[in-house]
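Reading the structure
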Amino acid sequence: MKRRAIISVSDKTGIVAFAQGLAELGFELISTGGTFKVLEEANIPVKYVSEVTGFPEVLGGRVKTLHPLIHGGILARDIAEHREEMEQNGIGFIDLVVVNLYPFRETISKSGVSFEEAIENIDVGGPTMVRAAAKNHGRVTVLVNPKSYEEILNVLRENGTVSAGMRKRLAAEAFAHTAEYDRLIASYLERQLEPVGGFPRTLRLTARKVQELRYGENPQQKAAFYINSEAAPGSLARGEQLQGKELSYNNWVDMDAAWKIAREFDSCAAAIIKHTNPCGVALGSTPLEAYQSALASDPVSAYGGIIALNRVMDGTCAEAIKQSFYEVIVAPDFSPEAREILSAKANLRLFAVGRGENEVNSRWMLKSIDGGYLVQEVDRGTTHVDEWEFITQQKPTEEDLKALDFAWRVVKHVKSNAIVVTDYRQTLGVGAGQMNRVGSAKIAIDQAGEKVKGAYLASDAFFPFPDSIEAAAQAGIRAIVQPGGSIHDAEVIEAANRLNIIMVFTHRRHFQH
């Protein structure tokens, strides 16, 4: 009995070579629409689906394969009862189903796509064939991924048949394919019904395992890295490791923290991270200048840290970095000279994020709790300087505002309670994660040392009492940026005026727990 395959694919990658291989193995090929045309033009023997069903495509192509002669051939089991029914009804077995679906994701990603266009790109016949074949994987082989074509051809050439274990694996992949497709459609339709910015009634996430990691935060914890199926180009998850040891769980967490700080700035910036907090952040006219300034902020803590740059790493910067020990360097890309220089440090991980918009790629942030998830919007951007309120008698100059803006953008990425002390483009001291704000302020001020005199201080949340203002004044801080909003704001402002410190309110908090 001649084996039959039905082929109907939106993604035509590799389909001609695969179909040619099937034809050479004696398969009778059935196809539809654009796939049929491609195979026919390649002189591959193929039947149009209407030749099999005896029924034309109708409703503008909405109905092609939805027919008992197709689905009976796919769903039939090789048992006497089914064979008898098939013979009575003129149904032939279909042994191989090769289908991938209308490009719904690509369609809804296009700017200005209409609702009507999106709906027309919802595939019906394709998922139905895929699900039917996957259900009947005891007999039928189903392929939804062009990357599997060569493997299956080789198996058929060597063994004449696909093993039960392989059919089961391909069926699982097929159901995952249709599940993700339905998830996209459901999420798209729900967004049409929900208010802008509203939370979905059902949180649907799909992520693909990229690799298992050596362990998690600690050796006794297993871990793996998954990529969100909707991650955009320019996101960390879509980047590429160019050299070095395998990335660990903690590496990924720190890389994320470093990259988020670096891309906070339009100007050339460098950030050095340890345990998700910055040892140093700085701006510069070149990557080298930004890196050297960031390193100077806290060279002791920077040892063994992770560097992120928002510019392509060049040779001069690579030469400087080569002199110290770091775990990972993250950048949009690395010049050939930089890669050559850093290749001498075989264990140093180089990670190229690639090109993309300088913006947050995710809409939601998730945090797992015991038995559930907390979901919140990503904390995008921050308050523009033009929206700040100058609330003290002393007003900031343009130079003050530049420095305060730098400090404010850095403190957003420090674990709360967060205080940073900076000059106009370099961190001088960082106080992170203390149980009270005075403690964070003291750490940042002490770390800044003599450079604290005339420096700038940023707080991620309001000062509940004047004590931190008094400590800042005693150290010689020139100006403070903070959200405001405490019931004791009047006392805090009075202290700033009395101590001759400039203070501005942003009216936006940046807690990071």
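The structure presented is a predicted model; accordingly, all values stated were derived computationally and were not measured.

Concerning a nonpolar patch on the surface
Nonpolar side chains collect at one region of the surface, where Leu203, Leu205, Leu366 and Tyr373 lie side by side and expose about 410 Å² of accessible area between them. Mapped onto the elements of the fold, Tyr373 is located in strand S15 (residues 372–377).

As for the pairing of S15
Bridging between strand S14 (residues 364–369) and S15 involves 6 bridges; their strand directions are antiparallel. Residue pairing for S15: Trp364 is matched across the bridge by Glu377. In this antiparallel pair of consecutive strands, S14 and S15, the connection spans 2 residues, and Gly371 shows a positive phi of 90°.

Some words on the pattern of salt bridges
Here the structure, examined in full by the defined rule, presents 17 salt bridges. Residues Lys47 and Glu28 are paired through a salt bridge, measuring 3.2 Å at the closest nitrogen-oxygen approach. A residue pair is termed long-range when its members are at least 10 positions apart, and Lys47 in strand S3 (residues 47–48) and Glu28 in strand S2 (residues 28–31) qualify at 19 residues. In this structure, a network of salt bridges that share partners links the residues Glu264, Asp405, Arg409 and Lys412.

Some points on the packing of aromatic side chains
Within this structure, the stated rule accounts for 7 aromatic pairs. With centroids separated by 4.5 Å and ring planes inclined at 15°, the aromatic side chains of Phe18 and Tyr149 adopt a geometry described as stacked. On the criterion of sequence distance, the pair formed by Phe18 in helix H1 (residues 15–24) and Tyr149 in helix H9 (residues 149–159) is long-range, its members being 131 residues apart. Their ring planes at 15° and their centres at 4.1 Å tell us that Phe225 and Trp252 sit as a pair that is stacked. Of this pair, Phe225 sits in strand S7 (residues 223–228) while Trp252 sits in helix H11 (residues 249–262); the two residues are 27 residues apart in sequence, bridging distant segments of the chain. Residue Trp252 is classed as buried on the basis of its relative accessible area, which comes to 12%. An aromatic cluster is built from Phe225, Trp252 and Phe351, whose rings are joined through pairwise contacts.

Here we look at the sheet that holds strand S20 (residues 479–482)
Read across the sheet, 6 strands follow the order S16-S21-S20-S19-S17-S18 without closing on themselves; strand pairing throughout is mixed. The open sheet has two free edges, formed respectively by strand S16 (389–390) and strand S18 (427–431), since each of these has just one partner strand. Pairing of S20 with strand S21 (residues 502–505) involves 4 bridges; the strand directions are parallel. Bridging across to S21, Gln482 finds its partner in Phe505. Packing of helix H16 (residues 398–411) onto the sheet brings it into contact with S16, strand S17 (419–422), S18, strand S19 (456–459), S20 and S21, and relative to S19 it is tilted by some 40°.

Section: the nonpolar core
Grouped together as the largest cluster of nonpolar side chains are 52 residues, with contacts concentrated most on Ile7, Phe18, Leu22, Leu29, Val97 and Val98. Counting residues per element, this core draws most heavily on helix H10 (residues 164–193), which supplies 8 residues. In this structure, Val97 is in contact with Ile6, Ile74, Met129, Ala133, Val140, Thr141, Val142 and Leu143, ignoring residues within four places of it in sequence. Leu213, Ala262, Ala308 and Val504 belong to the second largest nonpolar core, which has 45 residues in total.

Description of the environment of Arg131
Its place among the elements puts Arg131 in helix H8 (residues 125–135). Take Arg131: its relative accessible area is 45%, and that puts it in the partly exposed class. In sequence terms Arg131 and Ile74 are 57 residues apart; their C-alpha atoms lie 9.9 Å from each other.

The rules behind these values
Residues numbered from 1 in each chain as written. Predicted model: local features only at pLDDT ≥ 70, side-chain atom pairs only at ≥ 80, totals over all residues. Heavy atoms only, no water. Patch = residues over 30% accessible without salt bridge, like charges linked within 9 Å, V, L, I, M, F, W, Y side chains within 5 Å. Areas by Shrake-Rupley, 256 points an atom, 1.4 Å probe, with all protein chains shown as cover. Salt bridge = Lys/Arg side-chain N within 4 Å of Asp/Glu carboxyl O. Helix = DSSP H or I, 4+ residues; strand = E, 2+ residues; numbered from the N terminus. Pairing = 2+ DSSP bridges. Phe/Tyr/Trp six-rings, centres within 6.5 Å; stacked < 30°, edge-to-face > 60°. Buried < 20%, exposed > 50% of the residue type's maximum accessible area, 1.4 Å probe, protein only. Contact = heavy atoms within 4.5 Å. Axes fitted to C-alpha atoms, helices over the stretch in contact; angles between N-to-C directions. Core = buried A, V, L, I, M, F, W, Y, C linked by side-chain atoms within 4.5 Å.

Read these as layout, nothing more, since geometry by itself doesn't imply function.
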